[in-house]
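# Chains, contacts and geometry: an overview
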Amino acid sequence: MPEMIFRVRWPDGKEANCYSPSLVIQDHFTPGQEYPVRIFLEKAETALGEASERVRARYGFPCSRALGQLQVIRQTCVPFLNRPDAQVSVVSFSF
């Protein structure tokens, strides 16, 4: 399966590389687009859940790395969830 990295910029200006075992991220995010934190989190949960399920369908087990990445995203979003103006930018995709 083709893996990809999607780079994000958090509301505090910090950037991070996020991992996906599948290109399905492209179906949910657009580079250069900003998302309210809650929307970003919902989309990340859906996309990484789908990516993990694709791994399960192919190899018989979910992708622990994708699920771990989702946990990191959840934790990073927590401080911003009560800020209605907080946005997460998807900076880029790399393959």
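See above for the structure.
Please read all numbers here as calculations on a predicted model, not as lab measurements.

Looking now at the packing of helix H1 (residues 37–59) against helix H2 (residues 64–77). Contact pair H1 / H2: the axes reach a minimum separation of 9 Å and the direction vectors enclose 170 degrees. Taken together, the axis directions place H1 and H2 in an arrangement best described as roughly antiparallel. Along its contact with H1, which presents Val37, Phe40, Leu41, Ala44, Glu45, Leu48 and Ser52, the element H2 presents Ala66, Leu67, Gln69, Leu70, Ile73, Arg74 and Cys77. Classifying every residue of the contact of H1 with H2 by side-chain character gives ten nonpolar, two polar and two charged.

This part covers the sheet that holds strand S3 (residues 34–36). Ordered in space as S2-S1-S4-S3, the four strands form an open sheet in which the pairing is antiparallel. Every other strand in the sheet has two partners, leaving strand S2 (15–20) and S3 as the edge strands with one partner each. Across the sheet, the mean angle from the axis of one strand to that of its neighbour is 35 degrees, orientation sign disregarded. Here five bridges tie strand S1 (residues 4–9) to strand S4 (residues 87–94), and the two strands are oriented antiparallel to one another. Across the sheet, residue phenylalanine 6 finds its bridge partner in S4, namely phenylalanine 93. Its contacts with the sheet place H1 against S1, S2, S3 and S4, and it is angled at close to 105 degrees to S3. The strands that H2 touches are S1 and S2; relative to S2, the one it contacts most, it runs at about 150 degrees.

Calculation rules
- Residues numbered from 1 in each chain as written.
- Predicted model: local features only at pLDDT ≥ 70, side-chain atom pairs only at ≥ 80, totals over all residues.
- Heavy atoms only, no water.
- Axes fitted to C-alpha atoms, helices over the stretch in contact; angles between N-to-C directions.
- Helix = DSSP H or I, 4+ residues; strand = E, 2+ residues; numbered from the N terminus.
- Parallel < 35°, antiparallel > 145°, perpendicular 65-115°, else oblique.
- Contact = heavy atoms within 4.5 Å.
- Nonpolar A, V, L, I, M, F, W, Y, C, P; charged D, E, K, R; others polar.
- Pairing = 2+ DSSP bridges.

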